[in-house]
Amino acid sequence: AKADGPLEEILVSKNWKIRNAAYQKLTKEFKMAEDEKSKIFGKYTGFFKKMLLDTNPAAQAEATEAVKIFVDRAHIANKCGGDILPHLVKKALASNKASTKANTREIFSLFFELGCGEEATKN
């Protein structure tokens, strides 16, 4: 399984290993963004729901890592609570994977810091 091609395509691959690699690429892209207003941040928010609800535990852990970096770095993060929080509550909080749980808690904390605490708790 090769994870090349446009990120938009490999993020929704039927193969979890390809999705996993795509989430890692996305994390890297978010980390390398020159500033919080980089266009890269607005480009992939539509994929967050599917990413966070990933049925493969390893891929889901990578997905929460990418979203964590997004929430930490993107200036639009405070507008994206609805794309992120309900799915975290639904799936990631219940994960057996320590890294997924840790990332999930960190994402909630970041939203509280952004002043989105109300949205974080109403889900």
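Only a predicted model underlies this, so the values are computations on that prediction, with no experimental measurement involved.

### What to know about the overall build of the protein
Consideration 1: When its secondary structure is counted, the protein shows 8 helices and 0 strands.
Consideration 2: Counting helices and strands in the order they occur from the N terminus, the protein gives α-α-α-α-α-α-α-α.
Consideration 3: Of all 123 residues assigned to the protein, the portion counted as buried reaches 46%.
Consideration 4: Summing over all exposed atoms, the protein offers an accessible surface of approximately 6700 Å²; the carbon and sulfur share of this is 50%.
Consideration 5: Separation between the mean location of the 21 positive side-chain charges and that of the 16 negative ones in the protein comes to 7 Å.

### So, the nonpolar core
Consideration 1: The biggest cluster of nonpolar side chains holds 37 residues, and the ones touching the most others in it are Leu11, Met51, Phe70, Val71 and Ile84.
Consideration 2: Sorting the residues of this core by element identifies helix H1 (7–10), helix H2 (16–32), helix H3 (39–43), helix H4 (48–52), helix H5 (57–73), helix H6 (81–90) and helix H7 (98–113) as the ones contributing at least two each.
Consideration 3: At 7 residues, the largest contribution of residues to this core is made by H5.
Consideration 4: Not counting chain neighbours up to four residues away, the residues in contact with isoleucine 84 comprise Phe48, Leu52, Val67, Phe70, Val71, Ile107 and Phe111.

### A few points about H7
Consideration 1: The terminal C-alpha atoms of H7, which comprises 16 residues, lie 23 Å apart, in line with the 22 Å expected from a rise of 1.5 Å per residue.
Consideration 2: Among all positions of H7, only Thr100, Asn103, Thr104, Ile107, Phe108, Leu110 and Phe111 are buried. Projected down its long axis, H7 shows its buried positions confined to an angular sector of 160 degrees, all on one face. In H7, the exposed residues that point more than 90 degrees away from the buried face are Ala98, Arg105 and Glu113.

### A short note on the packing of aromatic side chains
Consideration 1: This model, assessed by the stated rule, comprises 6 aromatic pairs.
Consideration 2: With a centroid separation of 5.6 Å and 50 degrees between ring planes, the pair formed by phenylalanine 30 and phenylalanine 70 is classed as tilted. Here phenylalanine 30, found in helix H2, pairs with phenylalanine 70, found in helix H5; they are 40 residues apart in sequence, far enough to count as distant.
Consideration 3: Of the residues examined, phenylalanine 30 reaches a relative accessible area of 0% and is grouped as buried.
Consideration 4: Chaining the aromatic ring pairs together yields one cluster made of Phe30, Phe41, Phe48 and Phe70.

Rules and cut-offs
Residues numbered from 1 in each chain as written. Predicted model: local features only at pLDDT ≥ 70, side-chain atom pairs only at ≥ 80, totals over all residues. Heavy atoms only, no water. Helix = DSSP H or I, 4+ residues; strand = E, 2+ residues; numbered from the N terminus. Buried < 20%, exposed > 50% of the residue type's maximum accessible area, 1.4 Å probe, protein only. Areas by Shrake-Rupley, 256 points an atom, 1.4 Å probe, with all protein chains shown as cover. Lys, Arg positive; Asp, Glu negative; His and termini not counted. Charge placed at Lys NZ, Arg CZ, Asp CG, Glu CD. Core = buried A, V, L, I, M, F, W, Y, C linked by side-chain atoms within 4.5 Å. Contact = heavy atoms within 4.5 Å. Expected span 1.5 Å × (residues − 1). Arc of directions from axis to C-beta. Phe/Tyr/Trp six-rings, centres within 6.5 Å; stacked < 30°, edge-to-face > 60°.

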